[in-house]
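# Structural overview
Residue strings, one per chain:
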Amino acid sequence: MAIINRIGDYADDMTAWRRHLHMHPELSLDCHETAAFVVERLREFGIDEIHEGIAQSGVVALIRGQGDGPVTGLRADMDALPIEETTGADYASILPGKMHACGHDGHTTMLLGAARYLAETRKFKGTVALIFQPAEETIGGARIMVEDGIMERFGIEEVYALHTDPFSEAGVFNTCPGPIMAAVDDFEITITGKGGHGAFPHTTLDPVPCGLAIGQALQTIPSRNADPRLPLVVSLTIVQTGSATNVIPETMRLAGTVRSFDPDLRDMVERRFAEIVAGQAASYGVKASLNYMRNYPATINHAAQTQFAVKVAEEVAGAGNVISDRQPEMGAEDFSYMLEKRPGSYLMLGQGIGPSCHHPAFNFNDDVAPIGASFFARLIETRHGV
């Protein structure tokens, strides 16, 4: 590993920062204490400009190099998850029901490490825009920051991000051009009939047969409506109805998620949902309402920027520790909104095999923080060379 020596000198500090953040997790847009900690560090580093309160608790900070040059955005997410931690670490979350179970404490730390080095050395032209973002796990803080105009306001031309990967060996980078993570949509279907006694079904309008038929019909969308060469997941994950064995319920609720990469396929799925729900409701003589919610779009890496990022990663980790043809996955990531606005790339950094993200035993590996920080720093020095 060609970790930058000076960043290696920060390793203990980075561990302390990360563990402080781990102990004090915050959710969604309410990352005010996390942002305050970030801003305090940035001021210690002598960052040129710090802009607070974007997307409520987001921060954009600027480091200016030696003369005119490009403006590159580096993004880290800050929010945690509503999970009760089971790591047993002596720096475990002190807030019940909240923990950093997706490595955002580590992402923030890696960007802080890069910021400290870049502010010290300034061996680059142009400007670095450090983007510390809330609400990746919930309502899309990246979307809100983009809608708040950060790309135009700060003149950001390209944007990059790292995410920890507990399914890869420590220090191994992996990414791919094109789609790397899926679009995510959620749906909720409410079926309303007429309840009554289970012994007298002829006096009722039972919503359950319709709900079961809708659930089965939805599974024909991937198998019979979608091009089999295009990835698509339709998962019915919630079925709620009834309260007693001898009572036919009044209503039934179905809900779940849809994952895809192709925009036209995504449109088709939403259309078929509406057709299936309406058709089955008419067939069974009940009423049914559909709430189909489009959430994060697919995270699509730009080819040229991904090729460049791979070369930088190879300089830091060695060519044997960089995978440039990672298989896309059906998880979602709101960095997609930034990649819709500007070219860039999203990469994963292995932290060693262990509990998955969103698991109560997950814990970021502090040993890889200098590797991620070195990647960010080398990316800037290479793209903004003096």
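Residues numbered from 1 in each chain as written. Predicted model: local features only at pLDDT ≥ 70, side-chain atom pairs only at ≥ 80, totals over all residues. Heavy atoms only, no water.

### What about the side chain of Asp77?
Using the following cut-off: Only DSSP runs of H or I covering at least 4 residues are called helices, and only runs of E covering at least 2 are called strands; the numbering of each starts at the N terminus. Any pair of N or O atoms that falls within 3.5 Å is considered a polar contact. Within protein, one atom must be able to donate a hydrogen and the other to accept it, and sequence-neighbouring residues count only if both atoms are side-chain atoms.
Tracing the chain through its elements places Asp77 in strand β3 (residues 71-77). Polar side-chain contacts of Asp77 include one of 3.2 Å to the side chain of His104. Within the structure, the side chain of Asp77 is placed 2.7 Å from the side chain of His107, a separation counted as a polar contact.

### Describing the packing of helix α7 (residues 207-218) against helix α9 (residues 263-284)
Quick reminder of the rule: Whenever a helix is involved, its axis is fitted only over the stretch in contact; in every case the axis is a line through C-alpha atoms, and angles between N-to-C directions fall within 0 to 180 degrees. For classification purposes, angles smaller than 35 degrees are called roughly parallel, those larger than 145 roughly antiparallel, those between 65 and 115 roughly perpendicular, and all remaining angles oblique. Note on convention: near helix rotated counterclockwise from far helix by under a right angle means a left-handed crossing. Clockwise means right-handed. By definition in these notes, contact holds between two residues if any of their heavy atoms fall within 4.5 Å. Note on residue classes: Ala, Val, Leu, Ile, Met, Phe, Trp, Tyr, Cys and Pro are nonpolar, Asp, Glu, Lys and Arg are charged, and everything else, Gly too, is polar.
For the pair α7 and α9, the least separation of the axes is 9 Å and the interaxial angle reads 150 degrees. On the basis of their axis angle, the class for α7 and α9 is roughly antiparallel. Note on packing geometry: the crossing formed by α7 with α9 is right-handed. Of the residues in α9, those in contact with Pro209, Cys210, Ala213, Ile214, Ala217 and Leu218 of α7 are Phe273, Ile276, Val277, Gln280, Ala281 and Tyr284. The class makeup of the residues in the contact of α7 with α9 is 11 nonpolar, 1 polar and no charged.

### Things to note about the sheet that holds strand β6 (residues 173-174)
Rule in force here: At least two DSSP bridges between two strands are required for those strands to pair.
The strand order across the open sheet formed by 8 strands is β1-β2-β4-β3-β5-β16-β6-β15, and the pairing between neighbours is mixed. Pairing within the sheet leaves two strands with one partner each, and these edge strands are β1 (49-54) and β15 (322-323). Pairing between β3 and strand β5 (residues 158-165): 4 bridges, direction parallel. Across the sheet, residue Gly73 finds its bridge partner in β5, namely Val159. Those strands touched by helix α4 (residues 104-121) are β2 (58-64), β3, β4 (127-133), β5 and β16 (344-350), and its axis lies near 145 degrees from that of β3. Along the sheet, helix α12 (residues 369-383) makes contact with β3, β4, β5, β6 and β16, crossing β3 at roughly 165 degrees.

### Quick word on the packing of helix α2 (residues 11-23) against α4
Where α2 contacts α4, the two axes come as close as 9 Å, and the packing angle between them is 145 degrees. The element α2 and its partner α4 pack so that their crossing is right-handed. Along the contact surface, α2 presents Asp13, Met14, Trp17, Arg18, Leu21 and His22, while α4 presents Asp105, Gly106, Thr108, Thr109, Met110, Leu112, Gly113 and Arg116. Here the residues of the contact of α2 with α4 are counted per class, giving 5 nonpolar, 5 polar and 4 charged.

### Focus: the environment of Pro222
By the element assignment, Pro222 lies in helix α8 (residues 220-225). When the C-alpha atoms of Pro222 and Leu265 are compared, they prove to be 9.9 Å apart, with 43 residues separating the residues in sequence. For Pro222, the contacting residues outside a window of four places in its chain are Leu232 and Val234.

### Examining the pattern of salt bridges
Rules: The rule for a salt bridge is simple: a side-chain nitrogen of Lys or Arg has to be within 4 Å of a carboxyl oxygen of Asp or Glu. Burial here depends on accessible area, computed with a 1.4 Å probe over protein chains only, as a share of the maximum for the residue type. Under 20% is buried, over 50% is exposed, and the range in between is partly exposed.
Taken as a whole, this structure holds 28 salt bridges when the rule is applied. Between Glu49 and Arg64 there is a salt bridge, with the nearest N and O atoms lying 2.3 Å from each other. Of this pair, Glu49 sits in strand β1 while Arg64 sits in strand β2, placing them 15 residues apart in sequence. You can call Glu49 partly exposed: its relative accessible area is 27%. With its nearest N and O atoms 3.7 Å apart, the salt bridge here joins Arg75 to Asp77. Looking at Arg75, the relative accessible area reads 1%, which means it is buried. Residues joined by salt bridges that share partners form a network here, namely Arg18, Arg19, Asp105 and Asp366.

### Remarks on the nonpolar core
Quick reminder of the rule: By nonpolar core we mean a set of buried residues, namely Ala, Val, Leu, Ile, Met, Phe, Trp, Tyr and Cys, connected to one another through side-chain atoms within 4.5 Å.
By size, the foremost hydrophobic cluster in this structure holds 55 residues, and its most contacted members are Leu42, Ile47, Leu74, Leu130, Phe132, Phe173 and Phe375. Excluding anything up to four places from it in sequence, Leu42 contacts Ile47, Ile50, Val59, Ala61, Leu112, Ala115, Leu130 and Phe132. Among the nonpolar cores identified, the runner-up in size contains 30 residues, and Ala55, Val60, Phe335 and Met348 belong to it.

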